[in-house]
Amino acid sequence: FLMIRRPPRSTPLYSSASSDVYKRQILLKIEELGLQPERCAMVGDRLYTDIAMANRAGCVGVLVLSGEATMADVDQLEDGAEQRPHVIVNSVAELL
């Protein structure tokens, strides 16, 4: 497992600057490990941050329903939305 720190508190969490920081951190670590983004998964419970960032970085987005997002939220997404997860699980335990 790889954990990425969030950007500095002075950077709004939903700004394009924070999303650029996350994307750079993710892609840098993937490159350091000699991996390919499309062979990596990012697991999170928020569609608009975690899953959107996975998609921006070219990773598989895994949504965990034990947190903030619900299936109703997913159902409301338009086809092709950057927040659309590739995989949906009820809890992280399902991934083990």
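Look a little higher up for the structure.
Parameters and conventions
Residues numbered from 1 in each chain as written. Predicted model: local features only at pLDDT ≥ 70, side-chain atom pairs only at ≥ 80, totals over all residues. Heavy atoms only, no water. Helix = DSSP H or I, 4+ residues; strand = E, 2+ residues; numbered from the N terminus. Buried < 20%, exposed > 50% of the residue type's maximum accessible area, 1.4 Å probe, protein only. Contact = heavy atoms within 4.5 Å. Pairing = 2+ DSSP bridges. Axes fitted to C-alpha atoms, helices over the stretch in contact; angles between N-to-C directions. Salt bridge = Lys/Arg side-chain N within 4 Å of Asp/Glu carboxyl O. Right-handed = clockwise from strand over helix to strand, strands pointing away.

On to the overall build of the chain. The helix and strand tally for the chain stands at three helices and three strands. Mapped from its N terminus to its C terminus, the chain presents α and β elements in the order α-β-α-β-α-β. Here the chain holds 96 residues, and 32% of them are scored as buried. When contacts within the chain are restricted to residue pairs at least 6 apart in sequence, those whose partners lie at least 24 apart make up 44%.

Sheet strands associate in pairs through backbone hydrogen bonding, adopting either a parallel or an antiparallel arrangement. With parallel pairing, the three strands of this open sheet are ordered in space as E1-E2-E3. The open sheet is flanked by strand E1 (41-44) and strand E3 (87-89), the only strands paired with a single partner. Going from strand to strand, the sheet's axes swing by 20° on average, the running direction of each strand aside. Here strand E2 (residues 60-64) pairs with E3 via three bridges, running parallel. Bridge assignment links Leu-63 to a residue of E3, and that residue is Ile-88. Its contacts with the sheet put helix H2 (residues 47-57) on E1 and E2, and the angle it makes with E2 is roughly 155°.

This part takes up the environment of Asp-20. Topologically, Asp-20 is positioned in helix H1 (residues 16-32). Distance in space between the C-alpha atoms of Asp-20 and Ala-57 is 9.7 Å, their sequence separation being 37 residues.

For the rest of this paragraph, the subject is the pattern of salt bridges. Per the stated rule, a full pass over the model turns up three salt bridges. Linking Glu-68 and Arg-46 is a salt bridge whose minimum nitrogen-to-oxygen distance equals 3.2 Å. With Glu-68 in the loop between E2 and helix H3 (71-75) and Arg-46 in the loop between E1 and H2, this residue pair connects regions lying 22 residues apart in the sequence. Classification of Arg-46 as partly exposed rests on a relative accessible area of 29%. Across the pair Glu-82 and Arg-56 runs a salt bridge, and its minimum N-O distance is 2.6 Å. Residue Glu-82 is located in the loop between H3 and E3, and its partner Arg-56 is located in helix H2; the two are separated by 26 residues in the primary sequence. Using a relative accessible area of 32% as the deciding quantity, one classes Glu-82 as partly exposed. Exposure remark for Arg-56: the relative accessible area of 31% places this residue in the partly exposed category.

With that settled, consider the pairing of E2. Summarising burial for E2: four of the five residues are buried, a large majority. The sheet contact formed by E1 and E2 spans four bridges and is parallel. Bridge pairing in E2 links Met-42 to Gly-61. Handedness of the crossover joining E1 and E2 through H2: right-handed.

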